[in-house]
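# Examination of the molecular architecture
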Amino acid sequence: MMKKAIIVLSVLLAILLIVAAFLYFSERNKPEEAPETMPISEEVETTQQLPEETTAETETQPQIEVTENDAQIVLNGTDLPTVLIEDIVYVGAEEFAEAAGLTLESESPLRMTGRDTVEYSEEGWKVSYNGTEANASGAPVAVEEKLYLPFEELISALAYPEYVDEETGVTYYTPSARPFEIPEGVDVPVLMYHAVSDDLWGIDELFVSPEDMEEQLAYLVENDFDPIWFEDLAHVEDYDKPVILTFDDGYDDNYLNLFPLLQKYNVKVTIFVIGNAPGVVEHKMNPEQIRQLSDSGLVSIQSHSYTHADMDTLDAEETEYEMVESKRAITRITGKEPYVLCYPTGKYNDYTLEYAPKYFLFGLKMTGGQYNTSDDPYRVSRYYVSRFYGLSTFAGYLTTAGDTYD
């Protein structure tokens, strides 16, 4: 029994020795493991080329330099900021559209609409106004997501007249002062008012009462008349019953009493201001009131000469002085160049008719009856509206509005 146990133990011991020897020699002959990390030079050839697009330097576009333009420019009564790009005057598309009274419908392709239409596409510029089509040179420029338009080229294509105040250096552009052809043969009643008040501090008949004024405005609206400005005569065919309401002298009650009525009924009128009177002469509007009316979109401020002198008594030099100075004074107040001259007391002479076309598009008499668009634009007739006229007289003035004659 003892002998068998010794034999079993000897066998087990031998097996253990064999296993131990095997493990020992296996460990000795095992190849060395690679380091966890190795320099890239031992793994990848350093001369391997990266794809061309990743190694090439990124090409950068030259930076467009935009600098402020020091020139003071006023477009349609709005101070218009402009810039210089490569010494060319540019203007922001949004700023230009707003000042010009246009709607910026899209920037790419560029399209602005309103009294004028301005478009730019791959074919170039397409500009239209008052039935006239024109082109412009240059092209819009986009800088940091802002679109700029070549200002001088665009202004030229639109034929906006330029008025430079030589004393201040300010340049004004006024779309409404742009010359235009008038369709002929249309009756357009032009009504002449003065004051709107019950405070009769002057000649009674010149003061239409606010109550009568409101009755007349309501009559216009309720009977589908179209109160327009003189500039609207360029497309007078768009109106069924056009009529022009004019107010002489620029009395302060035009602001205090008339203006609220215009806002209530949304009626457009023209007010003729004496150039040297605002803020100086009693009962006349001050510059702030005039500017507010002009900015309202309801009132066109035009010239009633500079000193209200009877123009039939003036020589050539005096006549030109009255026109030049009134234009300067009104432009400074409103930011818009006046283009209609109302002759004080309706009087004029040969010098008046000689110089008026040099500075204005229209000249108005005091009375004379019905105005037709075929008439001489410097002898425009009007109907006089007195404090003592009833609504029937007022309505009678309007009976032929919009009638046409061959």
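Scroll up for the structure.
Here is a short report on the structure shown in this document. As the structure is a computational prediction, the values presented were derived from the model and not from experiment. (Residues numbered from 1 in each chain as written. Predicted model: local features only at pLDDT ≥ 70, side-chain atom pairs only at ≥ 80, totals over all residues. Heavy atoms only, no water.)

### Considering the sheet that holds strand 9 (residues 124-129)
Heads up, the rule is: In this scheme, strands are said to pair when DSSP sees at least two bridges between them. For the purposes of this entry, the term helix denotes a DSSP run of H or I that reaches at least four residues, the term strand denotes a run of E that reaches at least two, and both are numbered from the N terminus. For every element, the axis is a line fit to its C-alpha atoms; helices are fit only across the contacting stretch, and the angle between N-to-C directions ranges from 0 to 180 degrees. Residues count as neighbours in contact if any of their non-hydrogen atoms are within 4.5 Å of one another.
Ordered in space as 6-7-8-9-10, the five strands form an open sheet in which the pairing is antiparallel. What marks the edges here is a single partner per strand, and that holds for strand 6 (103-107) and strand 10 (132-134). Between one strand axis and the next, the sheet turns by 10° as a mean value, whatever way the strands run. Pairing of strand 9 with strand 10, which is carried by three bridges, proceeds in the antiparallel orientation. Among the inter-strand pairings, Ser128 is bridged to a residue of strand 10, identified as Glu133. Against the sheet, helix 4 (residues 93-100) touches strand 6 and strand 7 (110-113), its axis set at about 155° to strand 6. Against the sheet, helix 5 (residues 151-158) touches strand 8 (116-121), strand 9 and strand 10, its axis set at about 40° to strand 9.

### So, unusual backbone geometry
Selection rule: To sort residues, take the accessible area from a 1.4 Å probe on protein chains only and compare it with the maximum for the residue type: under 20% means buried, over 50% means exposed, and anything in between is partly exposed.
Geometrically, the link from Ser108 to Pro109 is a cis peptide bond, its omega value of -5° lying close to zero. Locating Pro109 in the fold gives a position in the loop between strand 6 and strand 7. The phi angle at Asn76 is positive, at roughly 55°, despite the residue not being glycine. Mapping Asn76 onto the fold places it in the loop between strand 2 (73-75) and strand 3 (78-79). Even without being a glycine, Asn266 presents a positive backbone phi close to 55°. Position of Asn266 relative to the elements: it lies in the loop between helix 7 (253-265) and strand 20 (269-273). Judged by relative accessible area, Asn266 falls into the exposed class, the value being 61%.

### Some words on the pattern of salt bridges
Cut-off, in case you're wondering: Salt bridges are defined as contacts in which a side-chain nitrogen from Lys or Arg sits within 4 Å of a carboxyl oxygen from Asp or Glu.
In total, this model carries 17 salt bridges according to the counting rule given. With a closest N to O distance of 2.9 Å, Asp248 and Arg382 form a salt bridge. Of this pair, Asp248 sits in strand 19 (residues 242-249) while Arg382 sits in the loop between strand 23 (362-364) and strand 24 (383-384), placing them 134 residues apart in sequence. On the basis of relative accessible area, Arg382 is assigned to the buried category, the value being 1%. A salt bridge links Asp310 to Lys347; the shortest N-O distance between them is 3.9 Å. Taken as a pair, Asp310 in the loop between strand 21 (299-303) and helix 9 (316-334) and Lys347 in the loop between strand 22 (340-342) and helix 10 (350-359) lie far apart in primary sequence, 37 residues in all.

### Comments concerning the environment of Tyr359
Basically, it comes down to this: Polar contact is defined as a pair of N or O atoms within 3.5 Å, subject to the rule that within protein one atom must be able to donate a hydrogen and the other to accept it, and that residues adjacent in sequence are counted only when both atoms are side-chain atoms.
Relative to the elements of secondary structure, Tyr359 occurs in helix 10. Among the residues examined, Tyr359 registers a relative accessible area of 18% and is labelled buried. Tyr359 sits 22 residues away from Glu337 along the chain, and the two C-alpha atoms are 9.9 Å apart. Apart from the residues lying within four places of it in its own chain, the contact partners of Tyr359 are Glu320, Met323, Val324, Lys327 and Pro338. Reaching out from Tyr359, the side chain makes a polar contact with the side chain of Glu320 at a distance of 2.3 Å.

### Brief notes about the sheet that holds strand 5 (residues 88-92)
Ordered by their spatial adjacency, five strands build an open sheet running 1-4-5-12-11, and the pairing between neighbours is antiparallel. Every other strand in the sheet has two partners, leaving strand 1 (66-68) and strand 11 (141-143) as the edge strands with one partner each. Across this sheet, the average inter-strand angle for adjacent strands is 40°, counted without regard to direction. One ladder, built from three bridges, connects strand 11 with strand 12 (residues 146-150); its direction is antiparallel. Note on strand 12: the bridge partner recorded for Val143 is Lys146. Lying over the sheet, helix 4 contacts strand 5 and strand 12, oriented at roughly 75° with respect to strand 5. Sitting on the sheet, helix 5 is in contact with strand 5 and strand 12, with an inclination near 55° to strand 12.

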